[in-house]
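For reference, the chains in residue letters:
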Amino acid sequence: MTNFEFRYATNPTDFKKYGTDELREQFLIEKLFIENQIQLTYSMYDRYIVGGIMPVGKVLKLETIPYLKSENFLDRRELGIINVGGKGTVTVDGEVFELDKKEALYVGQGCKEVLFASATGEQALFYINSAPAHAKFPNKKVGKENAEVIQLGEEKTANRRVLNKLIVNSIVQTCQLQMGLTELLPGNVWNTMPAHTHDRRMEAYFYFDLEAPQTICHFLGETQNTRHIFMQNHQAVLSPEWSIHSGAGTSNYSFIWGMAGENLDYGDMDIVAPNELK
């Protein structure tokens, strides 16, 4: 079963008027994993799709949705998949890819059938991002050993973390989709600090590996007019191109960042110092 919802884009002038409920309604994706269902959110930010797939004892097929107006989900799109649960498989037009936790798979435009399953005795959780695509590029699995790994932050600023570039243009040829995974070390809580914006790309964050009953405070908005949303494990948040995207947890955690937009330059960003935020 496939469930889907639609989100309009928001301009920064309207954003300033939002209260807690409106912020959560517009940007927060609360429920991504439901047993034997595919949960999709179609966003007008670069027509990005964020989703979660939880196969339990059966195979789930990625079906098209009305917003796409296409016979197959990937007729005009590309797809990024990162497993955040137990071992599982993704079968693309008959080719089987085994994914362990924190391994990724890029699926190119034009593929017809994409099937998701958990391995025997395991519970896979597939987090997916999808963006429009103008060309077909090869499918490719990216394990953590294939990632570009960057050490970031310091203990004294509570933001020491390991950034794993997975589906990025230096590893996988894509049209516009970019995805990676960042892990905060124990005792560290801040992500993407100093904060930044990138006017040429939107972004989505998915938080996981957060132990109950801890929480994450995600910050968004213009650099001089920020807001926050408290989030739980296995929730995602949309970030407009004009917005910062940063967070602090009550313990360490991991998160997946996904982007789409005008270019593939990871370093194309406008950094703002912590003491300049308002």
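- As annotated in an unreviewed UniProt entry, the chain is 4-deoxy-L-threo-5-hexosulose-uronate ketol-isomerase from Flavobacterium hydatis.
- Comment text from UniProt for the chain, heading Sequence similarities (unreviewed entry), reads "Belongs to the KduI family."
- Recorded under Catalytic activity (unreviewed entry), the UniProt text for the chain is reproduced unchanged: "5-dehydro-4-deoxy-D-glucuronate = 3-deoxy-D-glycero-2,5-hexodiulosonate".

1. With respect to the overall build of the chain
Right, so step 1: Within the chain, the secondary structure is distributed over two helices and 24 strands.
Right, so step 2: Here the C-alpha atoms of the chain give a radius of gyration of 18 Å, agreeing with the 19 Å that 2.2 N^0.38 yields for 278 residues.
Right, so step 3: Taking the principal axes of the C-alpha coordinates as reference, the chain spans close to 55 × 40 × 35 Å.
Right, so step 4: Across the 278 residues of the chain, 55% fall into the buried class.
Right, so step 5: Sequence separation of at least 24 residues holds for 71% of the intrachain contacts in the chain that already meet a minimum separation of 6.
Right, so step 6: About 11800 Å² of surface is accessible on the chain, with carbon and sulfur atoms providing 48% of the total.
Right, so step 7: Of the charged side chains in the chain, 27 are positive and 35 negative; the average position of the first set lies 1 Å away from that of the second.

2. Comments concerning the pairing of strand β10 (residues 114-118)
Right, so step 1: Among the five residues in β10, four count as buried, and that is most of the element.
Right, so step 2: In terms of strand pairing, strand β5 (residues 60-61) meets β10 through two bridges, oriented antiparallel. Within the sheet, the bridge partner assigned to L60 lies in β10 and is F116.
Right, so step 3: Of the strand pairs in this sheet, strand β7 (residues 88-92) and β10 are connected by five bridges, and their pairing is antiparallel. Looking across to β10, one finds that V92 is bridged to V114.

3. Describing the sheet that holds strand β8 (residues 95-99)
Right, so step 1: The four strands lie next to each other as β5-β10-β7-β8, forming an open sheet whose pairing is antiparallel. Either end of the sheet is taken by a strand with one partner, and the two such strands are β5 and β8.
Right, so step 2: Across five bridges, β7 lies against β8 in antiparallel orientation. Bridge assignment links V90 to a residue of β8, and that residue is F97.

4. Let's talk about the nonpolar core
Right, so step 1: F27, Y48, V50, Y127, F206 and I256 are the most contacted members of the largest nonpolar core, which has 55 residues in total.
Right, so step 2: With six residues, the single largest contributor to this core is strand β18 (residues 201-208).
Right, so step 3: F206 has contacts with L32, F33, V84, Y127, H234, Q235, A236, S254, F255 and I256, leaving out every residue within four places of it along the chain.
Right, so step 4: Within the second largest apolar cluster, 25 residues are counted, among which are I38, F73, L74 and F126.

5. Focus: the UniProt feature "binding site: Zn(2+)" (unreviewed entry) in the chain
Right, so step 1: Look at the UniProt record and you will see "binding site: Zn(2+)" (unreviewed entry) annotated at H196, H198, E203 and H245. Taken together, the annotated residues stretch across 50 residues yet fold into one region, lying no more than 11.6 Å apart by C-alpha. Checking the annotated residues one by one, the ones that line the largest pocket turn out to be H196, H198, E203 and H245.
Right, so step 2: By the secondary structure assignment, H198 is in the loop between β17 (195-197) and β18.
Right, so step 3: Residue class for H198 comes out buried when judged on its relative accessible area of 2%.
Right, so step 4: With residues near it in sequence (within four places) discarded, H198 still touches E203, E241, H245, M259, D268 and M269.
Right, so step 5: Separated by 2.9 Å, the side chain of H198 and the backbone oxygen of R201 make a polar contact.
Right, so step 6: Here H245 lies in strand β22 (residues 244-249).
Right, so step 7: With relative accessibility at 0%, the residue H245 sits in the buried group.
Right, so step 8: Within polar-contact distance, the side chain of H245 engages the side chain of H198 at 3.3 Å.

6. What to know about the pairing of strand β21 (residues 235-239)
Right, so step 1: Of all five residues making up β21, five are buried, and the element is well covered by its neighbours.
Right, so step 2: Taking every second residue as pointing to the same face, both faces of β21 are buried, with Q235, V237 and S239 on one and A236 and L238 on the other.
Right, so step 3: The pairing of strand β2 (residues 28-29) with β21 spans two bridges and is antiparallel. Its bridge partner being in β21, L28 is matched across the sheet by V237.
Right, so step 4: Across five bridges, β18 lies against β21 in antiparallel orientation. Residue pairing for β21: Y205 is matched across the bridge by V237.

Thresholds applied
- Residues numbered from 1 in each chain as written.
- Predicted model: local features only at pLDDT ≥ 70, side-chain atom pairs only at ≥ 80, totals over all residues.
- Heavy atoms only, no water.
- UniProt positions renumbered as here; feature names shortened; annotations may be inferred.
- Helix = DSSP H or I, 4+ residues; strand = E, 2+ residues; numbered from the N terminus.
- Rg over C-alpha atoms; globule rule 2.2 N^0.38 Å.
- Buried < 20%, exposed > 50% of the residue type's maximum accessible area, 1.4 Å probe, protein only.
- Contact = heavy atoms within 4.5 Å.
- Areas by Shrake-Rupley, 256 points an atom, 1.4 Å probe, with all protein chains shown as cover.
- Lys, Arg positive; Asp, Glu negative; His and termini not counted.
- Charge placed at Lys NZ, Arg CZ, Asp CG, Glu CD.
- Pairing = 2+ DSSP bridges.
- Core = buried A, V, L, I, M, F, W, Y, C linked by side-chain atoms within 4.5 Å.
- 1 Å grid on protein atoms, 1.4 Å probe; cavity = no way out; pocket = protein on both sides within 12 Å on 5 of 7 lines; lining within 4 Å.
- Polar contact = N/O pair within 3.5 Å; in protein donor to acceptor, adjacent residues only side chain to side chain.

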